[in-house]
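# Summary of structural features
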Amino acid sequence: MKRYILHTPFSIYHFDAATWVHSVHKHTYFEIIFILKGNGVHRINGNAFQYDEGDVFLLGPEDFHHFEIAELTEFSFVRFNESLHKQLPDDKDHPWQPIIRALLNTSSQSRGSIVVDKQEKQKLHHLLAVLEAESANDQSQYFEVIRDSLMRSMLIILARNLFSQTQSRPVLKDSIEAILIYIKQHIYRPEDLTIEHLAETFHYAPAYISLFFKKHTGESVKQFIIKHKIKLIEARLLYSQLTLSEIADEFGYTDESHLCKQFRKYTGTTPISFRMRV
């Protein structure tokens, strides 16, 4: 998979496209994607989200994505490195610092567009217009101060929208959603995903949590974990240069042979054959 690199702390890329010409890729930076007009599908980390005029996406360094454009789309990509928001000594008492850190460390990609409210979208698009206008004069002695203030405002508005969505859809500690989120967060740590550990974490009896999980998902805990793990491994095979041994180690397999055996059982092919399809 291609990895795009940003060699400066900040850049804006504004363009129209009828067809998406970039292959699936990752970045070394963060990216706020504004949809100024048009519609289609935005595929992020294997998930598909319909997009329309006004939508705003936030991608982190490890997110991989591409667009399927249905109608001519006008994009504006605001790209920035985390160094743009490193805390300075004089900033330690500013409340915006922890808000921005929380936003940048929170995966938002199970939600698609972060902003739903029309007025909130308009605020962000107005800030974008000012930011683009100021960027045309980026040699000005005032540019960095204005840029950082505008970026800070954008990120805080994004945080407000993202976190208000989370609060309006609370995840109960004992809900199936909470268990699914926990499994996905700990997919690289097999010792945290045993029935016994899950039962202890969610205060259920081991036998009950197995029944509870199957009732709500239609499959066993073990099957869900393996299928989710295989899906992630497929992405590694297609979009990374990691060796089978490195992938096996990342996902907690005892060795490469164990990975190959389980992969073939669930996909009908070997990891090497799957990788060679590309």
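Every value quoted in this text rests on a predicted model; they were computed, and no experiment measured them. Per chain, residues are indexed from 1 in the order of the written sequence. Per-residue local features of the predicted model are confined to residues with pLDDT of at least 70, and side-chain atom pairs are confined, for both listing and counting, to 80 or more; whole-chain, interface and lining totals are unaffected and use all residues. Heavy atoms throughout the structure, all of them, feed into the side-chain values; hydrogens and water do not.

## Some details on the packing of aromatic side chains
In this description, a pair of aromatic rings is defined by centroid distance and the angle of the planes. For clarity, the cut-off: Stacked, edge-to-face and tilted labels apply to pairs of Phe, Tyr and Trp rings (six-membered ring for Trp) whose centres lie within 6.5 Å, assigned for plane angles under 30 degrees, over 60, and everything in between, in that order. Strands here are runs of E lasting at least two residues and helices are runs of H or I lasting at least four, both read from the DSSP assignment and numbered beginning at the N terminus. Each residue gets one of three labels from its accessible area relative to the maximum for its type: buried under 20%, exposed over 50%, partly exposed in between, using a 1.4 Å probe on protein chains only.
Using the criterion set out here, one finds 22 aromatic pairs in the structure. Summarising the aromatic geometry, the rings of Trp20 and Phe75 are spaced 5.5 Å apart at their centres and angled 65° between planes, so their arrangement reads as edge-to-face. Of this pair, Trp20 sits in the loop between β2 (10-17) and β3 (25-27) while Phe75 sits in strand β7 (residues 65-80), and the two are 55 residues apart along the sequence. Each member of the pair, Trp20 as well as Phe75, carries the same accessibility label: buried. With a centroid separation of 5.4 Å and 40° between ring planes, the pair formed by Tyr204 and Phe212 is classed as tilted. The exposure class assigned to Tyr204 is buried, which follows from its relative accessible area of 19%. Ring-pair connections join several aromatic residues into one group, and the members of that group are Tyr13, Phe15, Trp20, Tyr51, Phe67, Phe75 and Phe77.

## Notes on the nonpolar core
Convention followed: Residues enter a nonpolar core if they are buried and are Ala, Val, Leu, Ile, Met, Phe, Trp, Tyr or Cys, with the set joined through side-chain atoms within 4.5 Å. Working rule for contacts: check all heavy atoms of both residues, and any pair within 4.5 Å makes them a contact.
Ile179, Ile183, Phe202 and Ile233 are the most contacted members of the largest nonpolar core, which totals 30 residues. Taken together, the elements giving at least two residues each to this core come down to α4 (176-185), α5 (195-202), α6 (206-217), α7 (221-239), α8 (244-250) and α9 (256-267). Ranked by residue count, the leading element in this core is α7, at 8 residues. The contact partners of Ile183, leaving out residues within four places of it in the chain, are Leu193, Leu198, Phe213, Val221, Phe224 and Ile225. Counting residues in hydrophobic clusters, the runner-up holds 28 residues, among them Phe30, Leu104, Leu128 and Leu131.

## With respect to the confidence of the model for the protein
So the rule is basically this: For every residue, the pLDDT score states the predictor's confidence, bounded by 0 at the bottom and 100 at the top.
On average, residues of the protein score 85 in pLDDT, and 85% of them are at 70 or above. Per-residue pLDDT stays below 50 along residues 168-172; that stretch engages in 6 contacts with residues further than four places along the chain or on separate chains.

## Here we look at α5
Keep this limit in mind: Here the arc refers to the directions that run from the helix axis out to each C-beta atom.
Residues of α5 that are buried: Leu198, Ala199 and Phe202. Each buried residue of α5 lies within a common arc of 100° when the element is viewed along its axis, so the set occupies one face. Exposed positions of α5 whose direction lies more than 90 degrees from the buried face are Glu196 and Glu200. The inward-facing, buried residues of α5 abut α4, α6 and α7.

## Topic: the environment of Glu31
Let me state the cut-off plainly: Think of a polar contact as two N or O atoms within 3.5 Å of one another; within protein, one of them needs to be a possible hydrogen donor and the other a possible acceptor, and neighboring residues in sequence only count if both atoms come from side chains.
By the element assignment, Glu31 lies in strand β4 (residues 30-44). Given a relative accessible area of 1%, Glu31 falls into the buried group. For the pair Glu31 and Arg79, spaced 48 residues apart in sequence, the C-alpha to C-alpha distance is 4.5 Å. Leaving out residues up to four positions away in the same chain, Glu31 has contacts with Phe57, Leu58, Leu59, His65, Phe77, Val78, Arg79 and Phe80. Side-chain polar atoms of Glu31 contact the side chain of Arg79, separated by 2.9 Å.

## Focus on the pattern of salt bridges
Formally: The working definition used for a salt bridge is a side-chain nitrogen of Lys or Arg within 4 Å of a carboxyl oxygen of Asp or Glu.
One pass over the structure, following the stated rule, counts 10 salt bridges. The salt bridge partner of Arg43 is Glu68, with a shortest N-O separation of 2.5 Å. On the criterion of sequence distance, the pair formed by Arg43 in strand β4 and Glu68 in strand β7 is long-range, its members being 25 residues apart. For the salt bridge of Asp55 with Lys121, the shortest nitrogen-to-oxygen distance reads 3.0 Å.

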